[in-house]
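# Breakdown of the fold
Given next are the chains, with one letter for each unit.
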Amino acid sequence: QVQLVESGGGLVQAGGSLRLSCAASGRTFSSHAMGWFRQAPGKEREFVAAISWSGGNTYYADSVKGRFTISRDNAKNTVYLQMNSLKPEDTAVYYCARGRYGTISMPPVEYDYWGQGAQVTVSS
């Protein structure tokens, strides 16, 4: 009933920027927290950023703090991840996900719907 579709991935040079979008269809997510996760080859999926239902609270992994910004537009049922000062270690498949509730959570198990993933490759 809820589908999340990511866009905006691609290849970028180290130090560059990229903006990911995640559009939801089927049901509004205005009452749900939203999160971004990433998974690099051979590694487990890790938390990147999350935003509360109202957009008033955000939380970031230490590895991306100060470089990435999560935001949302509930009227458009869309969540964004602005990625600046990208590093080769940011290379991964990035997933957006809907939280089960309105408050921020980090464990993947606390998210009930997931996007298909968007490849982000940062060259050195």
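Refer to the structure printed above.
Small disclaimer: the values here were computed from a predicted structure and weren't measured. (Residues numbered from 1 in each chain as written. Predicted model: local features only at pLDDT ≥ 70, side-chain atom pairs only at ≥ 80, totals over all residues. Heavy atoms only, no water.)

### Regarding the nonpolar core
Defined as follows: What makes a nonpolar core is a set of buried Ala, Val, Leu, Ile, Met, Phe, Trp, Tyr and Cys residues whose side-chain atoms join them at distances within 4.5 Å. Burial classes: relative accessible area under 20% of the type maximum marks a residue as buried, over 50% as exposed, and values in between as partly exposed (1.4 Å probe, protein chains only). Per the convention used, a helix needs a DSSP run of H or I reaching at least four residues, while a strand needs a run of E reaching at least two, with both numbered from the N terminus. The contact criterion used is simple: two residues touch if any of their non-hydrogen atoms lie within 4.5 Å.
Judged by nonpolar contacts, the single largest core of 33 residues is most densely connected at W36, L81, M83 and Y94. Of all the secondary structure elements, the ones that give two or more residues to this core are β3 (18-25), β4 (34-39), β5 (46-51), β7 (68-73), β8 (78-83), β9 (92-99) and β11 (118-123). Element by element, the count of residues in this core is highest for β5, at five residues. Setting aside residues no more than four positions away along its own chain, L81 makes contact with L18, R19, L20, W36, V48, A49, F68, T69, I70 and Y94.

### Let's talk about the sheet that holds β3
Counted only if it meets this: A pair of strands counts as paired when DSSP detects no fewer than two bridges linking them. Convention adopted: a line fitted to C-alpha atoms gives each axis, helices being fitted over their contacting stretch, and angles between N-to-C directions are expressed from 0 to 180 degrees.
What the four strands build is an open sheet, ordered β1-β3-β8-β7; its pairing is antiparallel. Pairing within the sheet leaves two strands with one partner each, and these edge strands are β1 (3-7) and β7. Pairwise comparison of adjacent strand axes, ignoring direction, gives a mean angle of 15° for this sheet.

### A short note on the side chain of R67
Just so we agree on the cut-off: We call two N or O atoms a polar contact when they sit within 3.5 Å, provided that within protein one can donate a hydrogen and the other can accept it, with sequence-adjacent residues counted only if both atoms are side-chain atoms.
Assignment of secondary structure puts R67 in the loop between β6 (58-60) and β7. With relative accessibility at 11%, the residue R67 sits in the buried group. Among the polar contacts made by the side chain of R67, one reaches the side chain of D90 at a distance of 2.8 Å.

### What to know about the state of the cysteines
Disulfides are covalent bonds that connect the sulfur atoms of two cysteines. Heads up, the rule is: Here, two cysteine sulfur atoms that lie within 2.5 Å of each other are counted as a disulfide.
Scanning the entire structure with this criterion turns up one disulfide. Shown here is the disulfide that connects C22 with C96, its sulfur atoms set 1.9 Å apart. The chirality of the disulfide connecting C22 with C96 is right-handed, given an S-S dihedral of about 55°. With C22 in strand β3 and C96 in strand β9, this pair connects stretches of sequence that are 74 residues apart. For the pair C22 and C96, one class covers both residues: buried.

### Side note on the packing of aromatic side chains
Going by this rule: Only Phe, Tyr and Trp rings are paired, with Trp represented by its six-membered ring, and only when their centres lie within 6.5 Å; those with planes under 30 degrees apart are stacked, over 60 edge-to-face, the remainder tilted. Lysine NZ or arginine CZ positioned within 6 Å of the ring centre and within 35 degrees of the ring normal marks a charge as sitting over the ring.
This structure, assessed with the given rule, holds five aromatic pairs. Residues F37 and W114 carry aromatic rings whose centres are separated by 5.0 Å and whose planes lie at 50° to one another, so their mutual orientation is tilted. Of this pair, F37 sits in strand β4 while W114 sits in strand β10 (residues 111-114), and the two are 77 residues apart along the sequence. For F37, a relative accessible area of 0% gives the class buried. Residue classification places W114 among the partly exposed positions, given a relative accessible area of 26%. Here a set of aromatic residues connected by ring pairs shows up, and it is made of F37, F47, Y59, Y111 and W114. One cation-aromatic arrangement involves R19 over Y80; the distance from NZ or CZ to the ring centre is 4.1 Å. Geometry around W114 places R45 over its ring, the cationic atom sitting 4.9 Å from the centre.

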